[in-house]
Amino acid sequence: MIQNKLLVILGPTASGKTDLSIKLAKKFNGEIVSADSRQIYKGMDIGSGKVTKKEMAGIPHHLLDVANPKNRFSVVQYQRLALKAIKDIQKRNKLPILVGGTGFYIQSIVNGIVIPEVKPDWALREKLSKKSLPELVKQLKKLDPVRAGNIDPNNPRRVVRALEVILKLGKPVPTLGSKESSFITLQIGVTKSPEELKNLIHKRLIKRLKNNAMINEVKKLHLPAGRHGKNGVSWKRLEEFGLEYRFVAQYLQDKITKQEMIEKIQIESEHYAKRQITWFKRDKKINWIKNYKEAEKLIKNY
RNA sequence: GCCGGGGUAGCUCAGUGGUAGAGCACUGCUCUGAAAAAGCAGUGGUCGAAGGUCCGAUUCCUUUCCCCGGCA
């Protein structure tokens, strides 16, 4: 009875989710669905730590390379595509394995959260962003006191989004819903000690820097593609991606030295790993494991 | 050796005659179509050492040790 089972492998960056998931997929007749907000994009391979064809070892992978880095992707798009992929895998009587470190994406599948049906309106966002934050908060309080009460008033991004929902929907932001997920889910989290994690991040970074591979990748992303005068990914957009893409872009623009670039990627990756751990900590249903054996044992009982 | 400048939080530095702050780091946290994003909070210092003046010195004076420039 594999019908609606869903295995989830999560954990902080560099914790070894990829290797583990491929081993498990082989063992349990699975297919992998990525839950990574950067591996979604085409052309972002080395910097995002995307699996290579060779590493896949014949295991089908879904939700990689499904978006153009020039366009912004979002959780809702992810949710739709991932859900479809998972159901399709189940239909073929194989085990879907959701693998990644993007907590929000995982939550959108596992908890089936329902996000207000209001598409991002970038023109509106830009217009709103011209006002001061206190002004926006004031406006939100007036239009939707409930949402204003539970939102972080210091976070412009959230406040703008809340206003966007009200203005387009014409009614208050619905309280966060969740359509009871129909999956029988087993969530497995990979843990590493802080020291180990720092070490793994460092080793991985050195590897990515080898032969300028990662720097060339970012260069290639930014440079005009093709001969039709089509522009590549802007520096501004690369900045938005954070970590390797942000700091390599800054280095390529001569804003920081190579040494600074390396230091920043390292330290910011450590911060990122902590944020991921903080996020995952809230979900008490995650089974934390240290190695493959423990994971295998859990799955056998599942 | 002489002349300057400096020694204050893990780092870079601000500051005051009434026992001290910032940014970063560190720790914890938030998360309703950007989530590797965007935000929030907290810990932390016998103010280089020893004397002196003063009710009181990190701040003034003296000595001393160390660092950085310049001149020898």
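Provided above is the structure to which this section pertains.
Overview of the structure.

The rules behind these values
Residues numbered from 1 in each chain as written. Chains lettered and ligands numbered in written order. Predicted model: local features only at pLDDT ≥ 70, side-chain atom pairs only at ≥ 80, totals over all residues. Heavy atoms only, no water. Near = heavy atom within 4 Å. Polar contact = N/O pair within 3.5 Å; in protein donor to acceptor, adjacent residues only side chain to side chain. Helix = DSSP H or I, 4+ residues; strand = E, 2+ residues; numbered from the N terminus. Nonpolar A, V, L, I, M, F, W, Y, C, P; charged D, E, K, R; others polar. Axes fitted to C-alpha atoms, helices over the stretch in contact; angles between N-to-C directions. Parallel < 35°, antiparallel > 145°, perpendicular 65-115°, else oblique. Left-handed = near helix turned anticlockwise from the far one by under 90°. Contact = heavy atoms within 4.5 Å. Buried < 20%, exposed > 50% of the residue type's maximum accessible area, 1.4 Å probe, protein only. Salt bridge = Lys/Arg side-chain N within 4 Å of Asp/Glu carboxyl O. 1 Å grid on protein atoms, 1.4 Å probe; cavity = no way out; pocket = protein on both sides within 12 Å on 5 of 7 lines; lining within 4 Å. Points joined across faces, edges and corners; volume = space filled by probe spheres on them. Pairing = 2+ DSSP bridges. Arc of directions from axis to C-beta.

A few words now on the protein's contact with RNA strand B. What surrounds RNA strand B is a group of 52 residues, the closest being Ser 37, Arg 157, Lys 274, Arg 275 and Arg 282. Take Arg 125: an N or O atom from its side chain is 3.0 Å from a phosphate oxygen of RNA strand B. Those elements that place two or more of their residues in the surface near RNA strand B are helix 3 (75-91), helix 4 (103-110), helix 5 (122-129), helix 7 (145-150), helix 8 (156-169), helix 11 (235-241), helix 12 (243-252) and helix 13 (258-281). Looking at which element gives the most residues to the surface near RNA strand B, the answer is helix 13, with 9 residues. A class-by-class count of the residues in the surface near RNA strand B yields 18 nonpolar, 14 polar and 20 charged.

Right, let's get into the packing of helix 3 against helix 4. It is at 9 Å that the axes of helix 3 and helix 4 come closest, and there the two elements cross at 55 degrees. Classed by the angle they form, the pair helix 3 and helix 4 counts as oblique. Helix 4 is crossed by helix 3, and the crossing has right-handed handedness. Of helix 4, the residues touching helix 3 (which contributes Val 75, Tyr 78, Gln 79, Ala 82, Leu 83 and Ile 86) are Phe 104, Tyr 105, Ser 108 and Ile 109.

Here we take up helix 4. Counting buried positions along helix 4 gives 7 out of 8 residues, so the element sits mostly inside the fold. Taken residue by residue, helix 4 has Gly 103, Tyr 105, Ile 106, Gln 107, Ser 108, Ile 109 and Val 110 as its buried positions. Note on helix 4: the residue one or two positions beyond its end, Gly 112, has a positive phi of about 55 degrees.

All right, on to the pattern of salt bridges then. Under the counting rule described, the total for this entry stands at 15 salt bridges. Residue Asp 88 is joined to Arg 92 by a salt bridge in which the shortest nitrogen-to-oxygen separation is 3.0 Å. Residue Arg 92 is classed as partly exposed on the basis of its relative accessible area of 38%. Glu 164 is paired through a salt bridge with Arg 125; the nearest N and O atoms lie 2.9 Å apart. Here the residue Glu 164 occupies a position in helix 8, and Arg 125 occupies one in helix 5, the gap between them amounting to 39 residues. Using a relative accessible area of 0% as the deciding quantity, one classes Glu 164 as buried. Each of Lys 27, Lys 293, Glu 296 and Lys 300 takes part in a single network of salt bridges with overlapping partners.

A positive phi angle, close to 70 degrees, is found at Ala 14, a residue other than glycine. Here Ala 14 is to be found in the loop between strand 1 (5-10) and helix 1 (17-27). The residue Leu 63 is not glycine, and still its phi comes out positive at about 65 degrees. As for its placement among the helices and strands, Leu 63 is situated in the loop between strand 3 (61-62) and helix 3.

Turning our eyes to something else, we now look at empty space enclosed by the protein. A full pass over the atoms with the stated rule returns 1 cavity of 30 Å³ or more. Here the largest cavity is characterised by a volume of approximately 30 Å³. Contributing elements (two or more residues each) for the lining of the largest cavity: helix 9 (194-209) and helix 13. Residue composition of the lining of the largest cavity, grouped by class: 3 nonpolar, 1 polar and 3 charged.

Before going further, it helps to spend a moment on the sheet that holds strand 7 (residues 184-190). Here we have 6 strands laid out as an open sheet, ordered 3-2-4-1-7-8, and parallel in their pairing. Every interior strand has two partners, whereas the edge strands, strand 3 and strand 8 (287-289), have only one. One ladder, built from 2 bridges, connects strand 2 (residues 30-34) with strand 3; its direction is parallel. Paired with Ile 32 across the bridge in strand 3 is His 61.

Turning our attention to helix 14 (residues 292-300). For helix 14, the full list of buried residues reads Tyr 292, Ala 295, Glu 296 and Ile 299. Buried residues of helix 14, seen end-on, are gathered within an arc of 100 degrees and therefore sit on one face of the element. Turned more than 90 degrees off the buried face of helix 14, the exposed positions are Lys 293 and Lys 297. If you follow the buried residues of helix 14, they end up packed against strand 1, helix 1, strand 7 and strand 8. At the N-terminal boundary of helix 14, the capping side chain belongs to Asn 291, with an oxygen 3.2 Å from the backbone nitrogen of Lys 293.

Honestly, it's all geometry; don't read function into it.
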